[in-house]
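Given next are the chains, with one letter for each unit.
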Amino acid sequence: MTEGTAADWDIIVIGGGITGAGILREAVNRGYRCLLVEQRDFAWGTSSRSSKMVHGGFRYLASGNFKLTRHALLERERLISEAPGLVTRLGYFFPLYKNQFPPRFAARLLFWLYDRIAGIRNHHRVSNRKLSEIFNQINTTELNGAFYYTDAVTDDARLVLRVLQEATDAGGMVRNYSKATGLLRNGGRVTGIRLQDTGSDESLELKARVVINATGAWANRLAEEPEAGLTIRPQRGSHIVLCAEKFPVKDAIFLVHPRDSRRLFVYPWEGRTIIGTTDIYHPMDLDIAASITREELDYLLVAANQLFSESPPAENDIISTWSGVRPIITTKGSGDPSKASREHKVWVEEGMVSCSGGKMTTFHHMALDVIKKAQGFLPQVTPTGYTRMFEPVTASGGDVLPSDPATGEAILGRFGERARELLNHAAENEAVPLAGTGTCLAELRWSIMNEAVVHLDDLMLRRTRLGNLMHEGGEAVLDSIKPILMQELGWDEVHWSDELKRYRGIINQHYSVPGAVGSAPARPATP
Ligand SMILES: Cc1cc2nc3c(=O)[nH]c(=O)nc-3n(C[C@H](O)[C@H](O)[C@H](O)COP(=O)(O)OP(=O)(O)OC[C@H]3O[C@@H](n4cnc5c(N)ncnc54)[C@H](O)[C@@H]3O)c2cc1C
């Protein structure tokens, strides 16, 4: 990826999550000169710690939010067709419970509508007996059959990276570890940003015709509140990662928690089984990555008992955990945030457009909304119709593909147009997936060389997901990765051991079982 520090930009985007990446891509498509800055690493915020579902949100349709569901379903279908290997259709089971909403006839209608909006027909009813054949330890008490339907999953951090890649290939500039510490103003109008390189501490001032604040849960730090009476409420959601051999699921299932009747998912992701999510007010310092608490962990394990009733997972079955913070735009002092709208909000002050809330799935739709508002501050360009987020990619006959076709397709999905270069330059022994994962050393080498990797955690937690998918953050593969980092980034032994210390600290504090040796102490869940 390229970097830029020139003084005059049409657009500066602050925030390197999926919202900022989508805006950058859309703006570059229209011919604007754009720079994106991210205070930590790309996708470091919520966008590497979501549930990773590209979905219409059946729950939103069931609660009457037709508009959000429609946008999300249309985006889901586009993403599946534009980014195969990265956004993949997945089967979901939605069990129906006696005396709980929705009753069977309403569910039938809602699933028909869900598919109809998306232009597909993929749903059907499933009996208790059939459901027990698929999930053979499921507790069928109070169960009234289920519906099967489809949504999709992705690797959220790679989705951000892929969108950034498309944007930089088309001329956009990006900088990670670069924090917008303040806004430049002329009178009241925002004219640019003050930027601090967090590695060197160097500061500079950059001017732009319009600044876009795409900082998610941080949006209130740089901008006024979205509108009188509205606030951004940070809500934490946590997940646990289990070994799929011991706790296998081929499709996702949408369980009801016995304690509070909240719906949550058990689903397959990258060869593991995931359980999530919780939904808890998170008034903590947002500059410290969120971590799961012991209470959340227990809550998720209790949910798992319904699916694995004969051999429920215990703490020592957990490979890793992750927590993300969702910015919910809500009225001050409002009630149950789980029920608050997941719609995004765009608001404007002179020279700056802010966008927060929403869903990863609808990032393109959000980008279009933002660009529409930003155009008031920009020279007019010829209006474009629907613009693609991703250029289509296929492997040619001469490409060296990993012997496992799924790995090959995933590499094409993750790296887009660059996958061909990656594969053709890969040494034979590096084009093989690392034990028990779908990631090859060739991908790591490519990311180190081309994707602005600064720290070991950038590589293990966002360029690849080895840190999420392997015990102890992937300790077992670090020895194979070390020589590549030394060779490509010139790290010496001292640098390596500093990075190792930093990485182990992050894994212990934010991606492990709370209370495990060296990890964060259990914190009480806040209301
Ligand atoms: C638990 C959970 C599960 C979810 N599951 C799903 C799901 O399955 N499907 C779905 O569609 N959506 C899901 N979402 C929602 C989705 O993840 C978010 O809507 C989306 O990731 C938000 O992206 P963002 O770019 O707006 O924010 P972020 O990803 O948080 O990006 C904002 C970035 O701004 C940076 N930043 C902040 N201040 C500055 C500054 N001063 N200078 C420079 N950079 C700055 C931050 O470091 C951060 O990286 C989930 C959310 C959560 C919390």
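Note that the structure is a prediction, hence the values are computed from the model and not measured. All chains use their own residue numbering, which begins from 1 and follows the written sequence. Given that the model is predicted, a residue must reach a pLDDT of at least 70 before its local features are reported, and side-chain atom pairs must reach 80 or more before they are shown or counted; all residues, however, enter totals for whole chains, interfaces and linings. Side-chain figures throughout are based on the complete set of non-hydrogen atoms in the structure, without hydrogens or water.

Trainee: Give a description of the overall build of the protein chain that names residues and reports values.
Mentor: For the protein chain, the helix and strand inventory stands at 16 helices and 18 strands. Put simply, the radius of gyration uses C-alpha atoms, and a globule should come to 2.2 Å times the residue count raised to 0.38. Relative to its length of 527 residues, the protein chain is compact, with a C-alpha radius of gyration of 23 Å against a globular reference of 24 Å. In terms of principal-axis extent, the alpha carbons of the protein chain reach across some 65 × 55 × 50 Å. Accessibility here uses a 1.4 Å probe with only protein chains present; expressed as a share of the type maximum, an area under 20% marks a residue as buried, one over 50% as exposed, and anything in between as partly exposed. In the protein chain, which comprises 527 residues, the share counted as buried stands at 60%. Any two residues whose heavy atoms approach within 4.5 Å at even a single point are treated as in contact. Relative to all contacts within the protein chain whose residues are 6 or more apart in sequence, the contacts with residues 24 or more apart total 72%. Surface accessibility in these figures is a Shrake-Rupley result with a 1.4 Å probe; residues are shielded only by whichever protein chains are displayed. Working note: accessible area of the protein chain is about 20900 Å², and carbon and sulfur atoms make up 51% of it. For the protein chain, the distance from the average position of its 60 positive side-chain charges to the average position of its 62 negative side-chain charges is 8 Å. Helix and strand definitions here come from DSSP, where helices need a minimum of 4 consecutive H or I residues and strands a minimum of 2 consecutive E residues; each element is numbered from the N-terminal end. A positive count includes Lys and Arg, and a negative count includes Asp and Glu. His and the chain ends are not counted in either. Each charge is placed at NZ for Lys, CZ for Arg, CG for Asp and CD for Glu.

Trainee: Pulling in residues and values, what's your account of empty space enclosed by the protein?
Mentor: Which parts of space are left empty comes out when a probe the size of a water molecule is rolled across the atoms. With a 1 Å grid laid over protein atoms only, a set of points is called a cavity when a 1.4 Å probe fits there but cannot get out and a pocket when it is open yet has protein on both sides within 12 Å along at least five of seven lines; lining residues have an atom within 4 Å of a point. Grid points are joined across faces, edges and corners, and a volume is the space filled by probe spheres set on the points. This model, assessed by the stated rule, comprises 4 cavities of 30 Å³ or more. Computed from the structure, the largest cavity encloses a volume of approximately 100 Å³. Side-chain classes follow a simple rule in which Ala, Val, Leu, Ile, Met, Phe, Trp, Tyr, Cys and Pro form the nonpolar group, Asp, Glu, Lys and Arg form the charged group, and the remainder, Gly included, forms the polar group. Along the lines of polarity and charge, the residues of the lining of the largest cavity split into 8 nonpolar, 4 polar and 2 charged. In this structure, the second largest cavity encloses a volume near 60 Å³.

Trainee: Break down the layout of surface pockets for me, with residues and values.
Mentor: Reported here for the second largest pocket is a volume of approximately 570 Å³. Along the walls of the second largest pocket sit 21 residues, with Gly-85, Thr-88, Glu-270, Gly-271 and Ala-410 positioned nearest its centre. If you list the elements that add at least two residues to the lining of the second largest pocket, you get strand 4 (87–97), strand 6 (143–154), strand 13 (263–269) and helix 10 (405–415). It is helix 10 that provides the largest number of residues to the lining of the second largest pocket, a total of 5 residues. Taken together, the residues that form the lining of the second largest pocket break down as 7 nonpolar, 8 polar and 6 charged.

Trainee: Any chance you could break down the side chain of His-282 for me, citing the residues and the numbers?
Mentor: Within the secondary structure, His-282 is located in the loop between strand 15 (280–281) and helix 8 (294–305). Distance and chemistry together define a polar contact, namely a pair of N or O atoms within 3.5 Å, with one atom able to donate a hydrogen and the other to accept it when in protein, and with adjacent residues in sequence counting only for side-chain atoms on both sides. A distance of 3.0 Å separates a polar atom in the side chain of His-282 from a polar atom in the side chain of Arg-236.

Trainee: I'd love a proper account of the site of the ligand, names of residues and values included.
Mentor: We define proximity as follows: a residue is near a molecule or strand when any one of its heavy atoms falls within 4 Å of that partner. Not every one of the 36 residues close to the ligand is listed here, only the nearest: Thr-19, Glu-38, Ser-47, Met-53 and Thr-361. Separating an oxygen atom of the ligand from a backbone N or O atom of Gly-45 is a distance of 3.3 Å. Alone, the ligand offers 1000 Å² of accessible surface; in the complex the protein occludes 98% of this. Broken down by secondary-structure element, the contributors of at least two residues to the shell around the ligand are helix 1 (18–29), strand 8 (178–186), strand 11 (230–243) and strand 16 (318–331). Considering only residue class, the shell around the ligand consists of 10 nonpolar, 20 polar and 6 charged.

Trainee: Explain the pairing of strand 2 (residues 34–37) to me, and be specific about the residues and the numbers.
Mentor: Remark: a regular strand shows side chains that alternate across the two faces of the sheet. Burial along strand 2 is two-sided: the residues Cys-34 and Leu-36 and Leu-35 and Val-37 are all buried. Note: two strands are recorded as paired if DSSP finds a minimum of 2 bridges between them. Note: strand 1 (residues 8–14) against strand 2, 4 bridges, orientation parallel. By the bridge assignment for strand 2, Ile-14 is matched with Val-37. Viewed along the sheet, the connection from strand 1 through helix 1 into strand 2 turns out right-handed. By convention, orient the strands away from the viewer: a clockwise path from the first strand over the helix to the second makes the crossover right-handed.

Trainee: Describe in detail the confidence of the model for the protein chain, supporting the description with residues and values.
Mentor: In regions of low pLDDT, the predicted coordinates are not meant to be interpreted in detail. Every residue carries a pLDDT, the predictor's confidence in it, which falls somewhere between 0 and 100. On average, residues of the protein chain carry a pLDDT of 91, and 92% of them reach 70 or more. Below a pLDDT of 50 lies the segment residues 1–6, which in the model reaches 23 contacts outside its immediate sequence neighbourhood of four places, other chains included. Low pLDDT, under 50, characterises residues 520–527; the stretch is placed with 21 contacts to residues that sit more than four places away or in other chains.

Trainee: Provide a residue-level description of helix 4 (residues 104–118), including the pertinent values.
Mentor: Compared with an ideal rise of 1.5 Å per residue, which puts 15 residues at 21 Å, helix 4 spans 21 Å between its outermost C-alpha atoms and is within 8% of the ideal. Three or more residues of helix 4 are buried, namely Ala-106, Ala-107, Leu-110, Phe-111, Tyr-114, Asp-115, Ile-117 and Ala-118. Across the axial projection of helix 4, the buried residues extend over an arc of 160°, all falling on one side. Along helix 4, exposed side chains directed more than 90 degrees from the buried face belong to Phe-105, Leu-109 and Arg-116. Elements that come into contact with the buried residues of helix 4 comprise helix 2 (58–62), helix 3 (66–82), strand 4 and strand 6. Positive phi shows up at Gly-119, right after helix 4, with a value of about 75°. Expected helix span is taken as 1.5 Å per residue step, with the number of steps being one fewer than the number of residues. Here the arc refers to the set of directions running from the helix axis out to each C-beta atom.

Trainee: I'd love a proper account of unusual backbone geometry, names of residues and values included.
Mentor: Note the cis peptide between Phe-101 and Pro-102, where omega equals -5°. Here the bond from Gly-276 into Thr-277 is cis, since omega is 10°, no more than 30 degrees from zero. Its location among the elements puts Thr-277 in the loop between strand 14 (272–276) and strand 15. Even without glycine at this site, Asn-99 takes up a positive phi of about 60°. Overall, Asn-99 belongs to the exposed group, its relative accessible area being 81%.

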